[in-house]
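Listed here are the chains, written in short residue letters.
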Amino acid sequence: MPVEERPIGYVSQDYSLFPHLSARDNVAFGLRASGRSRRESRDRADRALDRLGMLPLAARRPDALSGGQRQRVALARALVLDPDVLLLDEPLSALDLMTRREVRGELRRTLDALPCATVFVTHQPHEALGFGERIVVLEQGRVTQRGSRADFVHRPRSRYVAEFLGVNLFEGAIAGPTGDGLVRVDLPDGALAIADAGLAGVVRLIVHPHDIVLSREAPAGSAVNVLRGPVEDVIPEPPDGDLVRVVVATRPALIAQVTRRSAESLGVERGAVVFASFKASGVRVITD
C-alpha cells in the first residue's frame with residue numbers, strides 16, 4: 001500500500017485566519033480542501049479546538065477573538081492535519097507585550113505535548129532559549145551554528161550569536177607569555193591578556209558585560225586588561241532600566257553592563273571617554 005504523505009503544519013506571523021469564517025470553519029478549511037466530508041471535517045476541527053481549549057468559542061469569527069485565542073485557532077488549523085512537522089513563523093510577534101507573556105507559557109506546554117517535531121522561527125534570544133532544544137542560527141542565509149541550548153549559550157561561534165546572547169566575543173591568536181602566568185592574545189583590532197592554560201594558535205574569547213568595570217580615571221586595581229575609549233551608546237535594560245549596557249569604542253570594542261545609578265554618578269553618556277577594565281580570569285577561552 002502506498003504511504004500517505006502527511007503535510008507540514010504551518011502557523012504564520014499574523015495567523016492568516018479567514019475573517020469571514022468561524023474558528024471551527026477556519027480549522028476545518030484544510031480538511032475540506034483535501035476532499036474530506038463536511039461531517040468528518042467538523043468533527044476533527046472540534047477535537048482540535050477542544051485540545052487547545054477553544055471549543056466553546058468555535059462559532060466566533062477571528063475579530064471576536066483575542067490575540068492569544070487567534071493563535072490557538074491557527075495552531076488547531078495546523079494540527080488538525082496531523083503533520084509530521086509543525087512550522088511556527090515568529091508565532092508571538094503579532095501579540096502585544098502583555099498577551100505575549102501570557103501566551104508564551106501556554107504555547108510551551110502545548111508544544112511539549114505534541115507528537116510532531118516543531119520548527120520555531122524567531123529573532124528573539126529569550127524565545128530561542130525558552131523554546132529551543134536544538135538551535136540553528138542563520139546569518140545572511142547561511143547556517144553559522146547549530147547544537148544544543150547549552151552549546152548555544154556557552155560556546156557562541158560568531159559575533160552575531162554573541163550579540164544575540166549579550167556577551168562580548170573576540171577571536172585572535174595566542175602571541176606568547178607576558179609574565180605572571182598570563183599570555184597575550186592578538187586580535188584584529190587590539191590585544192587582551194588571559195590566563196596561561198598552555199594553549200596555542202587561534203582561540204575565541206568571551207567576556208561578560210557584567211565583568212567589565214567602567215571608570216573615568218585609569219584604574220588602580222589588579223585588572224590587567226585596561227582599555228580606553230569614548231562611549232558610543234547607553235542602552236537601558238528591560239524591564240525597568242535599572243541596568244544599562246554601555247557600548248564603548250575601545251580597541252577591541254566592548255559592551256559593559258552597569259547599574260543606571262553607577263552610570264549617572266560616573267557621567268557615562270555618549271561621547272564621554274571612559275576606561276573599561278577586567279581581569280584575565282574574567283576571560284573565558286573557547287578553543288574549538
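The notes below deal with the structure included here.

Rules used throughout
Residues numbered from 1 in each chain as written. Predicted model: local features only at pLDDT ≥ 70, side-chain atom pairs only at ≥ 80, totals over all residues. Heavy atoms only, no water. Core = buried A, V, L, I, M, F, W, Y, C linked by side-chain atoms within 4.5 Å. Buried < 20%, exposed > 50% of the residue type's maximum accessible area, 1.4 Å probe, protein only. Helix = DSSP H or I, 4+ residues; strand = E, 2+ residues; numbered from the N terminus. 1 Å grid on protein atoms, 1.4 Å probe; cavity = no way out; pocket = protein on both sides within 12 Å on 5 of 7 lines; lining within 4 Å. Points joined across faces, edges and corners; volume = space filled by probe spheres on them. Nonpolar A, V, L, I, M, F, W, Y, C, P; charged D, E, K, R; others polar. Patch = residues over 30% accessible without salt bridge, like charges linked within 9 Å, V, L, I, M, F, W, Y side chains within 5 Å. Areas by Shrake-Rupley, 256 points an atom, 1.4 Å probe, with all protein chains shown as cover. Salt bridge = Lys/Arg side-chain N within 4 Å of Asp/Glu carboxyl O. Pairing = 2+ DSSP bridges. Axes fitted to C-alpha atoms, helices over the stretch in contact; angles between N-to-C directions.

1. A few points about the nonpolar core
Piece 1. Core analysis: the biggest nonpolar cluster contains 33 residues, and V11, V27, V73, L86 and L111 have the highest contact counts within it.
Piece 2. Elements that contribute at least two residues to this core include exactly α1 (23-33), α2 (38-51), α3 (67-79), β2 (85-89) and α4 (97-112).
Piece 3. When residues of this core are assigned to their parent elements, the largest contribution, six residues, is made by α3.

2. Looking at the layout of surface pockets
Piece 1. Volume-wise, the largest pocket comes out at about 760 Å³.
Piece 2. Lining the largest pocket are 24 residues; nearest its centre among them are F120, V121, R134, I135 and V136.
Piece 3. Looking at the lining of the largest pocket, the elements with two or more residues in it are α4, β3 (117-121), α5 (125-131), β4 (134-139) and α7 (159-165).
Piece 4. For the lining of the largest pocket, the residue count by class is 15 nonpolar, four polar and five charged.
Piece 5. Space inside the second largest pocket adds up to approximately 190 Å³.
Piece 6. Taken together, L21, S22, R24, D25, A28, F29, R32, R38 and R42 form the lining of the second largest pocket.

3. Observations concerning a nonpolar patch on the surface
Piece 1. Taken together, the side chains of V136, L138 and V143 present a nonpolar region at the surface, about 270 Å² in accessible area.
Piece 2. Residue position: V136 is located in strand β4.
Piece 3. V136 gets classed as exposed once you look at its relative accessible area, which sits at 53%.

4. A look at the sheet that holds strand β13 (residues 254-259)
Piece 1. Pairing within the open sheet is antiparallel, and its five strands lie in the order β10-β14-β11-β12-β13. In this open sheet, the two edge strands, each paired with only one partner strand, are β10 (213-215) and β13. Sheet twist, expressed as the mean angle between neighbouring strand axes with direction ignored, is 45 degrees.
Piece 2. Bridge count between strand β11 (residues 225-236) and strand β12 (residues 243-248): five bridges; the pairing is antiparallel.

Note that every value here comes from positions in space, so none of it alone points to a role or purpose.
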